[in-house]
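Structure assessment
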Amino acid sequence: MKQSLTFIPTMREVPADADIKSHQLLLRAGFIRQTASGVYSYLPLAQKVLTKIQQIVREEMNKAGAAELLMPALQQAELWQESGRWYSYGPELMRLRDRHDREFALGATHEEVITSIVRDEIKSYKRLPLSLYQIQSKFRDEKRPRFGLLRGREFIMKDAYSFHSSFESLDQVYEKMFTAYSNIFSRCKLNYRAVIADSGAMGGKDTHEFMVLSDVGEDTIAYSDSSNYAANIEMAPVHMTYEKPTGSAEDLEKVDTPEMKSIDEVCHFLSVDKKNCLKSLLFKVDEKFVLILVRGDHEVNDIKVKNLFEADIVELASADETKQITGVIPGYVGPVNLPESVEIVADHAVLAIANGVCGANEEHTHYKGVNLDRDANISQFADLRFIQEGDPSPDGTGTIQFARGIEVGHVFKLGTRYSEAMNASFLDENGRSQPLIMGCYGIGVSRTLSAVVEQYNDENGIVWPADLAPYDVHIIPINMKQDAQRNLGEELYAEFLDAGLDPLIDDRQERAGVKFADSDLIGIPVRITVGKRADEGIVEVKVRTTRETQECDRSEVLSVIK
Ligand code: ATP
Ligand code: MG
Ligand code: MG
Ligand code: MG
């Protein structure tokens, strides 16, 4: 490509509203432009890199046995109502109406659409497992769009969905996807960790996030320095010592906790109908579930001690029953005997409340589901000790280190959360109707581009890993008006094209300083400067990563850069 023909609007100034490196550099190097808050145009250079990332994603997804399709971004409300997420997704879902006043959403993710397609077509276990993926723009009206492509309101995601007749089959495909993700992020040369993640209100069980290690990451991860253990801090254990609970055993008996049908149902409920409670917490106690709702109108992160005594314990029966909450015991603060490891399956910022409400016999009970930043302010009210750097890692090997992470990918065993809600079933080998078992797997493609820039830059600009670079080699004739320089530059350009390389030639009538500065900003791995010695056939080869330069005869250039 000739630089005069493409569009690379570089800028010297650091844009005022861009506070992190990748955002600044992508703007300055002319890769992106913002059109609205959290909404970006990908200019030609970004589009080239995105295409390369997408190609890697496609190759690895295809290898994992997934087939590509493309679903609509425009989705009718009815589908989201069926799953319940029309009500639970909140303001992040972009909603709109058509001319007939029918409601729609712009796809924030595609579980509903894919489930509705598959439910209409797949009737028998013989067609399972089935994995489908797409690469598409997603829309989320993020509360705080920021950091450029890292948190946009329109962004590119690869999302995949798998359908199964058994949990074993789901486990196998999950493994394959996990491997595919590892390959993808390794091929993008990212320094990342796969971490145990929180299944939150989505229900389901196993879930891992792929986190790029970076100080600008919004998540904190706790990892072992000498094993594979790594967890989102939300899932890392908290050590708790308990004060004697103030309630009595008789109080506990007042709480009738019939069995839930499934955690999925409870979580589904939680996300649908939390209107009246500030926080909810679900304990599994002896195969039963206890839901604690904390009322109040504070900010979510601003849990006050008085909430402790405003906690309600709610019995849970089936998902239907939980829609009308019954059996509330206001102000209950009696002890509940907890098993050694308590899985908190719902919102979890209320450990203080847990401590106030529930007693345990054990010291050092492991609680899952903690967000250090979010929950630290409640620790003063309860005797909590969050996992810290230097603690022994929970798998018994090594010590815990903390790092910040950017979530670039997320794999998730959904189970039957969507298929049950949306009536997507198949006939098993015995002719019985069963809900489809599902997994979902997302990669933030545009976020990944930004994460690469975050990890690959220096004070002069971006330093692309070779496989992702927008071009392979940047040819810079210093003075296009000099025939020798222009001719040699153009000859090398043609030679590189013939050799299967993708060259960019700076054929602009600009000063050398401008050309070099732009070239450093853009970050193409190899630069060929065609200058004073052009008439002798001598050029300078500079490697962007090492900044090493060497003079070289034109006949040797190809072998040097290849
Ligand atoms: P986050 O925790 O950052 O809000 P998420 O958990 O809501 O992300 P998922 O629903 O897991 O996101 O979506 C799959 C992937 O899409 C994420 O792992 C991330 O890489 C990407 N992604 C999510 N939200 C955004 C966004 N606003 N801008 C860019 N990429 C995003
Ligand atoms: Mg999000
Ligand atoms: Mg997340
Ligand atoms: Mg996620």
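Below: a short report on this structure. (Residues numbered from 1 in each chain as written. Chains lettered and ligands numbered in written order. Predicted model: local features only at pLDDT ≥ 70, side-chain atom pairs only at ≥ 80, totals over all residues.)

1. Some thoughts on unusual backbone geometry
Phi is mostly negative for residues that are not glycine, and the peptide bonds are mostly trans. This is how the line gets drawn: In this text, helices come from DSSP runs of H or I with a minimum length of four residues, and strands from runs of E with a minimum of two, each type numbered from the N-terminal end.
A cis amide bond links leucine 128 to the next residue, proline 129, at an omega of 0°. Structurally, the position occupied by proline 129 is in the loop between helix H5 (111–121) and strand S7 (130–139). The phi angle at aspartate 101 is positive, at roughly 70°, despite the residue not being glycine. Topologically, aspartate 101 is positioned in the loop between strand S5 (94–97) and strand S6 (103–106). A positive phi angle, near 60°, is found at lysine 189, a position not held by glycine. Tracing the backbone through its elements, the reader meets lysine 189 in the loop between helix H6 (167–187) and strand S9 (192–196).

2. Details of the sheet that holds strand S31 (residues 549–553)
As a reminder of what qualifies: Here, a strand pair is defined by DSSP locating no fewer than two bridges between the strands. Between the N-to-C directions of two axes lies an angle of 0 to 180 degrees, each axis being a line fitted to C-alpha atoms and, for a helix, fitted only over the stretch in contact. Residue pairs qualify as contacts under a 7 Å threshold applied to their C-beta atoms, which are placed from the backbone.
Here five strands make up an open sheet; going across it, the order is S28-S27-S29-S30-S31 and the pairing mixed. If you trace the sheet from one side to the other, it starts and ends with strand S28 (503–505) and S31, each paired once. The average undirected angle you get between the axes of adjacent strands in this sheet is 25°. Two strands pair when backbone bridges link them, and strand S27 (residues 473–477) and strand S29 (residues 526–530) are joined in this way by five bridges, in the parallel orientation. Residue pairing across strands places valine 473 opposite valine 526, the latter belonging to S29. Contacting S27, S28 and S29, helix H14 (residues 483–498) crosses the sheet at an angle of about 165° to S27.

3. Focus on the pairing of strand S21 (residues 400–415)
Filter applied, for reference: Counting other C-beta atoms within 10 Å of a residue's C-beta gives its exposure: the residue is buried at 20 or more, exposed at 12 or fewer, and partly exposed in between, where C-beta atoms are placed from the backbone.
With twelve of 16 residues buried, S21 lies mostly within the body of the structure. Alignment of strand S10 (residues 207–213) against S21, held across seven bridges, turns out to be antiparallel. Across the sheet, histidine 208 pairs through a bridge with valine 411, a residue of S21. Direction of pairing for strand S11 (residues 219–224) relative to S21: antiparallel, over a ladder of six bridges. Bridge pairing in S21 links alanine 222 to phenylalanine 402.

4. Description of helix H15 (residues 512–522)
The complete set of buried residues in H15 reads Lys515, Asp518, Ser519, Asp520, Leu521 and Ile522. As for H15, its buried residues are in contact with helix H1 (21–28), helix H2 (44–63), strand S26 (461–462), S27 and S29. With its phi angle positive at about 85°, glycine 523 sits one or two positions after the end of H15.

5. Quick notes on H6
Stated precisely, the cut-off is as follows: Here, expected helix span is obtained from the residue count minus one, scaled by 1.5 Å. The directions considered for the arc run from the helix axis to the C-beta atoms.
For H6, with 21 residues, the first-to-last C-alpha span of 30 Å sits near the 30 Å given by 1.5 Å per residue. Among the residues of H6, Leu170, Val173, Tyr174, Met177, Ala180, Tyr181, Ile184 and Phe185 are the ones counted as buried. The buried side chains of H6 occupy one side of the element, clustering within an arc of 125° when seen end-on. Of the residues in H6, the exposed ones pointing more than 90 degrees away from the buried face are Glu168 and Glu175. Where H6 terminates, the next one or two residues include lysine 189, which has phi positive at roughly 60°.

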